[in-house]
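Secondary and tertiary structure notes
What follows is each chain in one-letter form.
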Amino acid sequence: DTEVTQTPKHLVMGMTNKKSLKCEQHMGHRAMYWYKQKAKKPPELMFVYSYEKLSINESVPSRFSPECPNSSLLNLHLHALQPEDSALYLCASSQTAGLANRETQYFGPGTRLLVL
Amino acid sequence: GQSLEQPSEVTAVEGAIVQINCTYQTSGFYGLSWYQQHDGGAPTFLSYNALDGLEETGRFSSFLSRSDSYGYLLLQELQMKDSASYFCAVSGIYTGGFKTIFGAGTRLFVKA
């Protein structure tokens, strides 16, 4: 099973809403990632979790709050977002964060977020 | 910091061979990956090179020269379904820890 699942597939939210994006993998991977991707742009790293601990925060605004409840789950809590935060949010996982010989990242299908 | 350069667009005909180049500037380099992304889809892993040389996986091959900070993706026997964006990505230990940084992507158009 090389699948990373994400819910919801689509999300529309107002600037005062609170919502959460969910990501799950059952490959035994110990590194999980959140990326943001705008149209016709590359994925842009937001957060890295390694062994359930936050190892990298790429200076992401605090209105994005990640959480890793266990080794299979990764959440991204959203609060008071801005219209410019509208994008595809991708979750990915890999065996480890740099310790394995080959760091293939497996991406989920993404959540397409629209902030009104 | 890290930077990657790849062509923004490439057009080729069905059945042909196309090469997408990637040059990078980075420190703490572990390896170079290639990902394919169709419009509306998620990136999918194609290949990874940590050492110099050619890696072949079916119709796709990837090459790395660490001394030249250069790699390429070679797609053979092009099919219409290969029309997609292709990203090269460098992985390594950078400020904050292990990261993968993506290039801007190359849009490949395959014509009949």
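Residues numbered from 1 in each chain as written. Chains lettered and ligands numbered in written order. Predicted model: local features only at pLDDT ≥ 70, side-chain atom pairs only at ≥ 80, totals over all residues. Heavy atoms only, no water.

Next up on the list: the confidence of the model for chain B. Taken over all residues, the pLDDT of chain B has a mean of 94, while the share at 70 or more is 100%. Of all the helices and strands in chain B, strand β10 (residues 97–102) of chain B carries the lowest mean pLDDT, 87, while strand β8 (residues 70–75) of chain B carries the highest, 98. (pLDDT = per-residue confidence, 0-100. Helix = DSSP H or I, 4+ residues; strand = E, 2+ residues; numbered from the N terminus.)

All names here are of chain A. In terms of strand pairing, strand β7 (residues 64–70) meets strand β8 (residues 73–79) through five bridges, oriented antiparallel. Residue Pro-66 lies in a different strand from β8, and its bridge partner there is Leu-76. Taking the residues between adjacent antiparallel strands as the criterion, β7 and β8 are bridged by two residues. (Pairing = 2+ DSSP bridges.)

Attention shifts here to the state of the cysteines. All names here are of chain A. Across all of its chains, the model carries two disulfides over all chains by this definition. Disulfide partner of Cys-23: Cys-91, at an S-S distance of 1.8 Å. Judged by the sign of its S-S torsion, about -70°, the cystine formed by Cys-23 and Cys-91 is left-handed. Placement of Cys-23 in strand β3 (residues 18–25) and of Cys-91 in strand β9 (residues 87–94) is noted, with a sequence separation of 68 residues between them. When its relative accessible area of 1% is taken as the criterion, Cys-23 is described as buried. You can see Cys-68 has no disulfide; the closest cysteine sulfur is in Cys-23, sitting 9.2 Å from it. (Disulfide = S-S within 2.5 Å. Buried < 20%, exposed > 50% of the residue type's maximum accessible area, 1.4 Å probe, protein only.)

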